[in-house]
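Residues per chain are reported as follows:
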Amino acid sequence: MKLKKKIAVSETGFIFDPTTGDSFSLNPTAAEILNLLKDGKNEKEIKKIIMTSYDVDESTFERSFLDFMAMLRLYNMIEEHEEN
Amino acid sequence: MKKTKITVAVSGLNNTDNPGPGIPVIRALRESEVFDVRIIGLAYENLEPGIYMHNVVDKVYQVPYPSIGSDKLLQRLSYIHSIEKIDVLIPNFDAELYSFISFENKLNEMGIGTWLPTMEQFEERHKTKLPEFGKKYGVHVPHSRPINSISEIDSLTPEFSYPLLVKGKFYDAYVAFNPEQVALYFNKIATKWGVPIIIQQFIRGTEVNVIALGDGKGNTIGAVPMRKQYITDKGKAWGGITLDDQDMLDLCHKILKKTKWRGGMELELIKTFDNKYYLIEINPRIPAWVYLAVGAGQNLPEAMVKLALGRKVKPFTTYESGKMFIRYSWDMIVDLKEFEQLSTNGEL
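Residues numbered from 1 in each chain as written. Chains lettered and ligands numbered in written order. Predicted model: local features only at pLDDT ≥ 70, side-chain atom pairs only at ≥ 80, totals over all residues. Heavy atoms only, no water.

Novice: In this structure, what is going on with the side chain of asparagine 283 of chain B? I would like to understand it.
Specialist: All names here are of chain B. Position of asparagine 283 among the secondary structure elements: in strand β13 (residues 277–283). Looking at asparagine 283, its side chain comes within polar contact range of the side chain of glutamate 268, at 2.9 Å. Once you skip the residues sitting within four places of it in the chain, asparagine 283 turns out to touch Asp94, Gly264, Met265, Glu266 and Glu268. (Helix = DSSP H or I, 4+ residues; strand = E, 2+ residues; numbered from the N terminus. Polar contact = N/O pair within 3.5 Å; in protein donor to acceptor, adjacent residues only side chain to side chain. Contact = heavy atoms within 4.5 Å.)

Pasting the structure below:
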């Protein structure tokens, strides 16, 4: 799954969706994950990078990550047709 | 390059609970790269703020309400024109458009340029005829029906389900959750704008708008979509943001192409949660938030003046999304002498 191209992401973790005019603020961890998504990384790659950089166990990461992805989907920021 | 001097008459100088587009239009024209504009304000009431904004409006004339009769209005305009030599006239009130459209030919004969929808275009997009418009042009439109009396309210169900919208023929719209509320709003609106009152199906979703300018031949000269971010209790935008929404623009192009729309217009749409667009209203004039379009890169009032003067205009193809406007009002201090002068002489 990929982030929609039009989504604007700033370094501070501010997101703007120009198709709806909505904006969001992310905490630093979410901002990092979103930037990895933006770079085209898949779930496995993101998991590896985050778990290497931070002291987090696998189940905690997966639960939080899936919740975050669900929220992105809820706000229509994910390209649905490329889901795999 | 040297600018062409022209005189433009503008109405809609009001800024109460229903802000007029006059001042934003003038701001846009002042920023024109090709015109050096002298602005003649046309005022219906003595307390329209634009009257006293001397840095914005060069000269003001009071004009009679259209309800008094088109003849009186045309007569007054002839007088003003004899003094000011108006090049272009831009009406901005829904309530005055019918009059200006009906004697547009006479204005043009006097040498006053206009860029207004045709009477046919004006009439067929009317709130009372929106369902036919939707069918004819293949546009989703909420079900609606005009009513002329309170006795018709009981027969609204099961044709409509609650909540529904109660709309005035020119302005005002309220959401009603039961027949008692419909009656309340009916009386409120009828007192102000008369009948018919339009009952419209309530569509759940996000309210979005497009400002557009048509060349009368089916081409879109400019179009900028926006979402209201702060809405007053009258449904007016007090803040908004431009959107990057190709589907909305495509719908706009489709409507302008099929209707061969001439002049400025505002599409009011509801975007449902499954990304469907319902057209809830077409305002046949430039909306009060036009300056947002200017800020996003499309000076539509300037383009409209060019069209009115018979000039060729290259269509805008881009605008900047993510541009916001936030409306602000300030108290302007006016000396009683100015108010007196306008009240007494009919000009300032």
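Novice: So what exactly am I meant to see when it comes to the sheet that holds strand β4 (residues 22–25) of chain A here?
Specialist: Sheets are built from strands paired through backbone hydrogen bonds, the pairs being either parallel or antiparallel. Residue and element names in this part refer to chain A. Overall, antiparallel pairing links the three strands, which are arranged β2-β3-β4 in an open sheet. Every interior strand has two partners, whereas the edge strands, β2 (8–9) and β4, have only one. Looking at chain direction, β2 and strand β3 (residues 14–17) are connected through two bridges and run antiparallel. By the bridge assignment, alanine 8 is partnered in β3 with phenylalanine 16. (Pairing = 2+ DSSP bridges.)

Novice: Just checking my understanding: could you explain the sheet that holds strand β4 (residues 88–90) of chain B for this structure?
Specialist: All names here are of chain B. Here four strands make up an open sheet; going across it, the order is β3-β2-β1-β4 and the pairing parallel. Of all strands in the sheet, those bounded by a partner on one side alone are β3 (59–62) and β4. On average, each strand axis in the sheet is tilted by 25° relative to the strand beside it, whichever way the strands run. Helix α1 (residues 22–30) rests against β1 (4–10), β2 (35–43) and β4 of the sheet, and its axis sits at about 165° to β2. Lying over the sheet, helix α10 (residues 300–308) contacts β1, β2 and β4, oriented at roughly 135° with respect to β4. (Axes fitted to C-alpha atoms, helices over the stretch in contact; angles between N-to-C directions.)

Novice: Where do I start with the interface of chain A and chain B in this structure?
Specialist: In many reports, interface size means the accessible area that the parts give up when they come together. Facing seven residues of chain A, the contacting portion of chain B comprises 10 residues. Carbon and sulfur atoms supply 40% of the area buried between chain A and chain B, which totals about 650 Å² over both sides. Across the contact surface, chain A and chain B share two salt bridges. In this structure, aspartate 22 of chain A engages arginine 227 of chain B in a salt bridge whose closest nitrogen and oxygen atoms are separated by 2.7 Å. Its residues assigned to classes, the side of chain A that touches chain B comprises two nonpolar, three polar and two charged. (Buried area = accessible area lost by both parts, 1.4 Å probe. Salt bridge = Lys/Arg side-chain N within 4 Å of Asp/Glu carboxyl O. Nonpolar A, V, L, I, M, F, W, Y, C, P; charged D, E, K, R; others polar.)

Novice: Can you help me understand a nonpolar patch on the surface in this one?
Specialist: Judged by side-chain polarity, Met71, Leu74 and Tyr75 of chain A come together as a nonpolar surface patch covering roughly 320 Å² of accessible area. Structurally, leucine 74 of chain A can be placed in helix α3 (residues 58–74). (Patch = residues over 30% accessible without salt bridge, like charges linked within 9 Å, V, L, I, M, F, W, Y side chains within 5 Å. Areas by Shrake-Rupley, 256 points an atom, 1.4 Å probe, with all protein chains shown as cover.)

Novice: Would you take a moment to explain the packing of aromatic side chains for this structure?
Specialist: All names here are of chain B. This model, assessed by the stated rule, comprises 10 aromatic pairs over all chains. Taken together, a centroid distance of 4.7 Å and an interplanar angle of 55° make the contact between phenylalanine 133 and tyrosine 137 tilted. Remark: tyrosine 137 and phenylalanine 133 occur in helix α6 (residues 130–137); sequence separation between them is four residues, near one turn of the helix. With a relative accessible area of 2%, phenylalanine 133 lands in the buried category. Relative to tyrosine 185, the ring of tyrosine 174 lies with its centre 4.5 Å away and its plane at 5°, an arrangement referred to as stacked. Within this pair, whereas tyrosine 174 is found in strand β7 (residues 173–176), its partner tyrosine 185 is found in helix α7 (residues 179–193), the two being separated by 11 residues in sequence. (Phe/Tyr/Trp six-rings, centres within 6.5 Å; stacked < 30°, edge-to-face > 60°. Buried < 20%, exposed > 50% of the residue type's maximum accessible area, 1.4 Å probe, protein only.)

Novice: In this structure, what is going on with the environment of phenylalanine 100 of chain B? I would like to understand it.
Specialist: All names here are of chain B. Along the chain, phenylalanine 100 turns up in helix α3 (residues 94–102). The spatial distance from the C-alpha of phenylalanine 100 to the C-alpha of threonine 114 is 9.2 Å, given a sequence separation of 14 residues. When near neighbours in sequence (up to four residues on either side) are disregarded, phenylalanine 100 contacts Tyr44, Leu73, Leu77, Leu89, Pro91, Leu107 and Leu116.

Novice: Just to check I follow, could you spell out unusual backbone geometry for this structure?
Specialist: Leaving glycine out, the prevailing phi sign among residues is negative, and the prevailing peptide bond configuration is trans. Residues and elements named next belong to chain B. Put simply, tyrosine 162 and proline 163 share a cis peptide bond, and its omega is 0°. Residue aspartate 172 is not a glycine yet carries a positive backbone phi of 75°. Looking at where aspartate 172 falls in the secondary structure, it is placed in the loop between β6 (164–167) and β7.

All we've got here are geometric facts, nothing functional implied.
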